[in-house]
Amino acid sequence: MLPNLGLNAGGLHELKKRLLFVLLGILVFRLGAHIPVPGLDPERLADLFNRQQNTIIGLFNMFSGGALSRLTVFAIGIMPYISSSIIIQLFSTVIPKLEQLKKEGEAGRRKINQYTRYGTLLIAIFQSFGMSKYLAIQGIALEPGPLFFLVATVTMVTGCMFLMWLGEQITERGVGNGISLIIFSGIVSGLPATIGQVLEQVREGQLQGLTLIVLLALIFAVTWFVVFVERAQRRIPVNYAQRMAQGRPMNPQSNHLPLKINIAGVIPPIFATGIILLPATISQWFGSFESVHWLGDIAFYISPGRLAYYVIFSIAVVFFAFFYTALVFNPKDTADNLKRSNGFIPGIRPGQQTANYIDGVMTRLTLVGAIYLTFVCLFPEILMYNWHIPFFGGTSLLIIVVVIMDFMAQLHAHIASHQYDSIMRKSNLRGSKRRR
């Protein structure tokens, strides 16, 4: 195994430690998703969520890995952190102080992360208190009162903050993005129940065998399409000016600048879901009060399967695709780097014209990527909620495939890094022996 990987014992040991930490973090998350908040009637709770399965609450429950339907310590999941991240990222484009922090490197990033944590705490308190009030109104709390509200709110807020910390630790000490892996594990935990439900429908004759084959073919086709688009690139040809070596001219070199179609990954659908879930859950929980009954109407109209849900989700995905791409990719910096390395795009003048050209290409690619994300996320939703065909959620399928691809890419990067370190150590060792 060691020769095939090209890793020494130390490199392999570190990689094992990182993978073990990821597994341990996911295990802790799944254990916490089964520890209930005290003071609730489990039978009434199960009945409530069976009735809310196809509403916005059901979507929230999917992202929490079933923790919401069991009202556990991780009931509100990681969504407050995602909502806070969206708000901070948006404010960083309009507030000069936050924009300046983004340019200060690691110190600025730590400060922005601190603001994000504060925002997460505030949103988590608001959502947890709203959920506890909603449970009391529905008659699920055994002894509704100030003590129940305090215990339930503190328990769920603590669980949310712990998940945020756990995700950061997985990112730092494990492999892959910790927050994405937590969302991924939550979604995957619901797969056995979904598969069992489909097989039960086939056994009872509610679903024909031919329909099941068509569904499997659709899942395979959508998965293949996601992998294809995520790996697709637009390669812009780049030539490098002629250089001199030992007084003789070298042949001009040619290369390419690879640009991904979907550079934003799963961030747009996750952020779009966060945008819908935050006001929708507030509407769902507080809409029971007579004075604000109109909030319940809002929750109804933006539930999955409704036209307003599709429209808001599509607009949010397109917006965040362009917004996040603008955050992580700067055409001017790319053009300046090409100019400093004596590189140029054939037929395009170096400098500002190159930046404009790359920006134009990136804008078209981002538009295609946004359309692709919207289609992949909404096509299965339409099958499920409007045509009543059992299918796996599009956002869920996208997150599963992309997170696996990202995890494998980072795993290979760790292996390549250790291979390089091993080769460099061997090279230095041989050089020292020769000098002796």
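That block above? That's the structure.
Residues numbered from 1 in each chain as written. Predicted model: local features only at pLDDT ≥ 70, side-chain atom pairs only at ≥ 80, totals over all residues. Heavy atoms only, no water.

J.: Kindly report on the overall build of the protein, identifying the contributing residues and their values.
T.: Across its full length, the protein carries 17 helices and 5 strands. Counting across all 436 residues of the protein, residues that qualify as buried make up 44%. Taking as baseline every contact in the protein between residues at least 6 positions apart, the subset at least 24 positions apart corresponds to 73%. Approximately 23,300 Å² of the protein is accessible, and the part contributed by carbon and sulfur atoms is 63%. (Helix = DSSP H or I, 4+ residues; strand = E, 2+ residues; numbered from the N terminus. Buried < 20%, exposed > 50% of the residue type's maximum accessible area, 1.4 Å probe, protein only. Contact = heavy atoms within 4.5 Å. Areas by Shrake-Rupley, 256 points an atom, 1.4 Å probe, with all protein chains shown as cover.)

J.: Provide a residue-level description of the environment of alanine 326, including the pertinent values.
T.: Here alanine 326 lies in helix 14 (residues 307-328). With 37 residues separating them along the chain, alanine 326 and threonine 363 place their C-alpha atoms 9.5 Å apart.

J.: Help me get a handle on the layout of surface pockets, residues and values and all.
T.: Where empty space is left can be seen by rolling a probe of water-molecule size over the atoms. Considered as a void within the structure, the largest pocket measures approximately 1,600 Å³ in volume. In this structure, the largest pocket is lined by 48 residues; those nearest its centre are Tyr81, Gln89, Asn177, Ile267 and Tyr324. In terms of residue count, the dominant contributor to the lining of the largest pocket is helix 7 (residues 105-137) (9 residues). Class assignment of the residues belonging to the lining of the largest pocket gives a composition of 20 nonpolar, 17 polar and 11 charged. (1 Å grid on protein atoms, 1.4 Å probe; cavity = no way out; pocket = protein on both sides within 12 Å on 5 of 7 lines; lining within 4 Å. Points joined across faces, edges and corners; volume = space filled by probe spheres on them. Nonpolar A, V, L, I, M, F, W, Y, C, P; charged D, E, K, R; others polar.)

J.: Outline helix 5 (residues 79-91), listing residues and values.
T.: Each α-helix winds once per 3.6 residues, and so residues spaced three or four apart point in a common direction. Between its first and last C-alpha atoms helix 5 spans 18 Å; for 13 residues at 1.5 Å apiece the expected length is 18 Å, and the two agree. Along helix 5, the positions that sit buried rather than exposed are Met79, Pro80, Tyr81, Ile82, Ser83, Ser84, Ser85, Ile86 and Ile88. (Expected span 1.5 Å × (residues − 1).)

J.: Now, about helix 9 (residues 178-188): what can you tell me, with residues and values included?
T.: Extensive coverage of helix 9 is indicated by the burial of 10 of its 11 residues. If you check which residues of helix 9 are buried, you get Gly178, Ile179, Ser180, Leu181, Ile182, Ile183, Phe184, Ser185, Gly186 and Ile187. The distance from a side-chain oxygen at the start of helix 9 to the backbone nitrogen of isoleucine 179 is 3.1 Å, and the residue carrying that oxygen is asparagine 177. (Polar contact = N/O pair within 3.5 Å; in protein donor to acceptor, adjacent residues only side chain to side chain.)

J.: How would you summarise the environment of asparagine 255 if you had to cite specific residues and measurements?
T.: Along the chain, asparagine 255 turns up in strand 4 (residues 253-260). For the pair asparagine 255 and isoleucine 236, spaced 19 residues apart in sequence, the C-alpha to C-alpha distance is 8.6 Å.

J.: Quick one: what's the story with the nonpolar core, residue by residue and with numbers?
T.: Of all hydrophobic cores here, the largest spans 94 residues; its most connected members are Leu71, Ile183, Leu259 and Leu398. Those residues within four positions of isoleucine 183 in sequence are excluded, and the remaining contacts are Phe63, Ile78, Ile82, Ile270 and Ile399. (Core = buried A, V, L, I, M, F, W, Y, C linked by side-chain atoms within 4.5 Å.)

J.: Explain the packing of aromatic side chains residue by residue, including any values.
T.: Taken as a whole, this structure holds 15 aromatic pairs when the rule is applied. On the numbers, 6.0 Å between centres and 65° between planes, the contact of phenylalanine 129 with phenylalanine 149 is edge-to-face. Placement of phenylalanine 129 in helix 7 and of phenylalanine 149 in helix 8 (residues 146-173) is noted, with a sequence separation of 20 residues between them. Residue phenylalanine 129 is classed as partly exposed on the basis of its relative accessible area, which comes to 38%. Overall, phenylalanine 149 belongs to the buried group, its relative accessible area being 18%. When the ring of phenylalanine 319 is compared with that of phenylalanine 320, the centres are 5.1 Å apart and the planes differ by 70°; the resulting orientation is edge-to-face. The structure contains a cluster of three or more aromatic residues connected by ring pairs, namely Phe29, Phe74, Phe162 and Trp165. (Phe/Tyr/Trp six-rings, centres within 6.5 Å; stacked < 30°, edge-to-face > 60°.)

J.: I'd like a description of the pattern of salt bridges, backed by residues and values.
T.: Counting across every chain of the model gives 8 salt bridges. Across the pair glutamate 106 and arginine 110 runs a salt bridge, and its minimum N-O distance is 3.9 Å. A residue pair is termed a helical-turn pair when its members lie 3 or 4 positions apart in one helix, as glutamate 106 and arginine 110 do in helix 7 at 4 residues. Owing to a relative accessible area of 42%, glutamate 106 belongs among the partly exposed residues under this scheme. Notably, a salt bridge pairs glutamate 168 with arginine 117, separated by 3.2 Å at the nearest N-O pair. One end of the pair, glutamate 168, is in helix 8; the other, arginine 117, is in helix 7, and 51 residues separate them in sequence. Here glutamate 168 falls in the partly exposed class, since its relative accessible area comes to 23%. Assessed through its relative accessible area of 29%, arginine 117 is described here as partly exposed. (Salt bridge = Lys/Arg side-chain N within 4 Å of Asp/Glu carboxyl O.)

J.: Give me the lowdown on the environment of methionine 164, citing residues and values where you can.
T.: Within the fold, methionine 164 resides in helix 8. By relative accessible area, which is 4% here, methionine 164 ends up buried. For the pair methionine 164 and tyrosine 81, spaced 83 residues apart in the sequence, the C-alpha separation amounts to 6.8 Å. If near-sequence neighbours (up to four positions away) are discounted, methionine 164 is found in contact with Ile78, Tyr81, Arg117, Thr120 and Ile179.

J.: Please set out the packing of helix 8 against helix 9 residue by residue, giving values where relevant.
T.: At a minimum axis distance of 7 Å, the contact between helix 8 and helix 9 shows a crossing angle of 115°. On helix 9, the residues touching Leu163, Met164, Leu166, Gly167, Ile170 and Thr171 of helix 8 are Gly178, Ile179, Leu181 and Ile182. Partitioned by chemical class, the residues of the contact of helix 8 with helix 9 number 7 nonpolar, 3 polar and no charged. (Axes fitted to C-alpha atoms, helices over the stretch in contact; angles between N-to-C directions.)

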